[in-house]
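# Architecture at a glance
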Amino acid sequence: MLCIQSPEILSRYLKIQREKGLKIGFVPTMGAIHVGHQSLIERSAAENDITITSIFVNPKQFNESKDLEFYPRPVVEDIKLLIESGSDLLFQPSVDGVYPEQFDDTDIELEGLDHHLEGEWRPGHFQGVAKVIRRFFDIVHPDRAYFGQKDFQQTVVVRKVIEQFHPDVALVIGSIIREANGLAYSSRNERLTAGERVNAAFINKALNMIKENALLDSLQSSIQKARLFIESHEGTVIEYLEAVDGYNMRIVKEMNESDFVVVVAVVNYGGVRLLDNIILKQS
Ligand code: AMP
């Protein structure tokens, strides 16, 4: 696997590959690679000639400096897992390389997504995501870019960036990879105690309950039951648990309000923010 730090060198290298007619798949990550990331890399490796994985802990998307400081950076282990998954190239730029002095830091139009749900809980987060993705796409010009459904609202933000700045990039959304008990893989799971990690299965269970109940009961009553179920576990605070329109994240009250309905959730459990979601319907 090639490792490149310089955005200029990567751009020049990829220009030559593109001129040869090779297709480029891009998987942006913040490292601490787990099987969720690996599934995206494997898919990209199967669908493209060259797969680039980036590892960049983007300071602009952290609203809490402690979170940024303590973000895990197991580089040697990461490199091993990237090679195993079929990544051809690791792009590991410095903060100054991504944000040089002349970097245009103007906010990107996200039609309110940056202040809604996850955006409301993490002010500035989605502007940070949108700016780094725009910059990375300017450098890489991928044919396909791979993101996880796990961070559902992020996929809607990325789609906005693509529409405005890189309409030629195909957005590929990979399904959520889960631990054996249903807990979605996340680098944050490491912060749970062993017991909490086992118990945390209740989040996915609650989402599945909503999906089953919504066929028989009203959507609102299904969500309310799931809310009570989650809150029956000690140490939980629901930050949000809402059904949304999967195209624009607007809250929906009834199943028939959209042909794409997703329930998005963040549960703070033992002081750890756990994100999850489930698609109720998508036509
Ligand atoms: P991160 O390093 O947290 O920025 O994640 C990099 C990419 O991996 C994002 O597109 C995430 O949505 C995706 N991802 C994270 N966790 C999972 C998971 N459990 N299953 C599938 N994709 C995931």
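Further remarks concern the overall build of the chain. When helices and strands are tallied, the chain shows eleven helices and nine strands. For 283 residues, the compact-globule formula gives about 19 Å, and the C-alpha radius of gyration of the chain, at 19 Å, lands near that figure. Of all 283 residues assigned to the chain, the portion counted as buried reaches 52%. Counted over contacts in the chain with a minimum sequence separation of 6, partners at least 24 positions apart contribute 70%. Surface exposure of the chain reaches about 13300 Å², of which carbon and sulfur atoms provide 51%. Of the charged side chains in the chain, 30 are positive and 41 negative, and the gap between their average positions amounts to 2 Å.

Our next topic: the sheet that holds strand E3 (residues 50–55). Spatially, the six strands line up as an open sheet ordered E1-E4-E3-E2-E5-E6, and their pairing is parallel. Edge positions in the sheet fall to strand E1 (2–4) and strand E6 (170–174), since each of these pairs with one other strand and no more. Averaged over all neighbouring strand pairs, the angle between strand axes comes to 25 degrees, with direction disregarded. With six bridges joining them, strand E2 (residues 24–29) and E3 adopt parallel strand pairing. Each bridged residue has a counterpart across the sheet, and for Phe26 the counterpart in E3 is Ile52. Against the sheet, helix H1 (residues 7–19) contacts E1, E2, E3 and strand E4 (89–91), and its axis sits at roughly 145 degrees relative to E4.

Moving on, we get to the packing of aromatic side chains. Counted under the stated rule, the structure contains ten aromatic pairs. A ring pair is formed by Phe56 and Tyr99, whose centres lie 6.2 Å apart and whose planes are at 55 degrees; its orientation type is tilted. Within this pair, whereas Phe56 is found in the loop between E3 and helix H3 (65–69), its partner Tyr99 is found in the loop between helix H5 (95–98) and helix H6 (118–121), the two being separated by 43 residues in sequence. Seen from their ring centres, Tyr247 and Phe260 are 5.1 Å apart, and the 70 degrees between their planes marks the pair as edge-to-face. Of this pair, Tyr247 sits in the loop between strand E7 (236–245) and strand E8 (260–269) while Phe260 sits in strand E8, and the two are 13 residues apart along the sequence. Accessibility expressed as a relative area gives 42% for Tyr247, which makes it partly exposed. Through pairs of rings, three or more aromatic residues link up here, namely Phe26, Phe56, Phe91, Tyr99, Phe103, Phe136 and Phe137. Above the plane of the ring of Tyr99 lies Lys60, whose end atom (NZ or CZ) is 4.7 Å from the centre.

As defined by bridge partners, strand E5 (residues 144–148) adjoins E6 across five bridges and the pair is classed as parallel. For Gly148, the partnering residue across the bridge sits in E6 and is Gly174. Regarding topology, helix H8 (residues 152–165) serves as the crossover connection from E5 to the parallel E6, and that connection is right-handed.

Turning our attention to the side chain of Gln153. One can find Gln153 in helix H8. By relative accessible area, which is 6% here, Gln153 ends up buried. A polar side-chain atom of Gln153 sits 3.1 Å from the main-chain amide nitrogen of Glu118. The residues contacting Gln153, other than those within four sequence positions of it, are Leu113, His116, Leu117, Glu118, Gly119, Phe126 and Met249.

This paragraph deals with unusual backbone geometry. Despite not being glycine, Leu117 shows a phi value in the positive range, around 45 degrees. Take Leu117: it is sitting in the loop between H5 and H6. Taking the relative accessible area as the measure of exposure, Leu117 reaches 6% and is therefore buried. Residue His141 is not a glycine yet carries a positive backbone phi of 45 degrees. Mapped onto the elements of the fold, His141 is located in the loop between helix H7 (125–140) and E5. Relative accessible area serves as the criterion here: at 37%, His141 is assigned to the partly exposed category.

Rules used throughout
Residues numbered from 1 in each chain as written. Predicted model: local features only at pLDDT ≥ 70, side-chain atom pairs only at ≥ 80, totals over all residues. Heavy atoms only, no water. Helix = DSSP H or I, 4+ residues; strand = E, 2+ residues; numbered from the N terminus. Rg over C-alpha atoms; globule rule 2.2 N^0.38 Å. Buried < 20%, exposed > 50% of the residue type's maximum accessible area, 1.4 Å probe, protein only. Contact = heavy atoms within 4.5 Å. Areas by Shrake-Rupley, 256 points an atom, 1.4 Å probe, with all protein chains shown as cover. Lys, Arg positive; Asp, Glu negative; His and termini not counted. Charge placed at Lys NZ, Arg CZ, Asp CG, Glu CD. Pairing = 2+ DSSP bridges. Axes fitted to C-alpha atoms, helices over the stretch in contact; angles between N-to-C directions. Phe/Tyr/Trp six-rings, centres within 6.5 Å; stacked < 30°, edge-to-face > 60°. Lys NZ or Arg CZ within 6 Å of the ring centre and 35° of its normal. Right-handed = clockwise from strand over helix to strand, strands pointing away. Polar contact = N/O pair within 3.5 Å; in protein donor to acceptor, adjacent residues only side chain to side chain.

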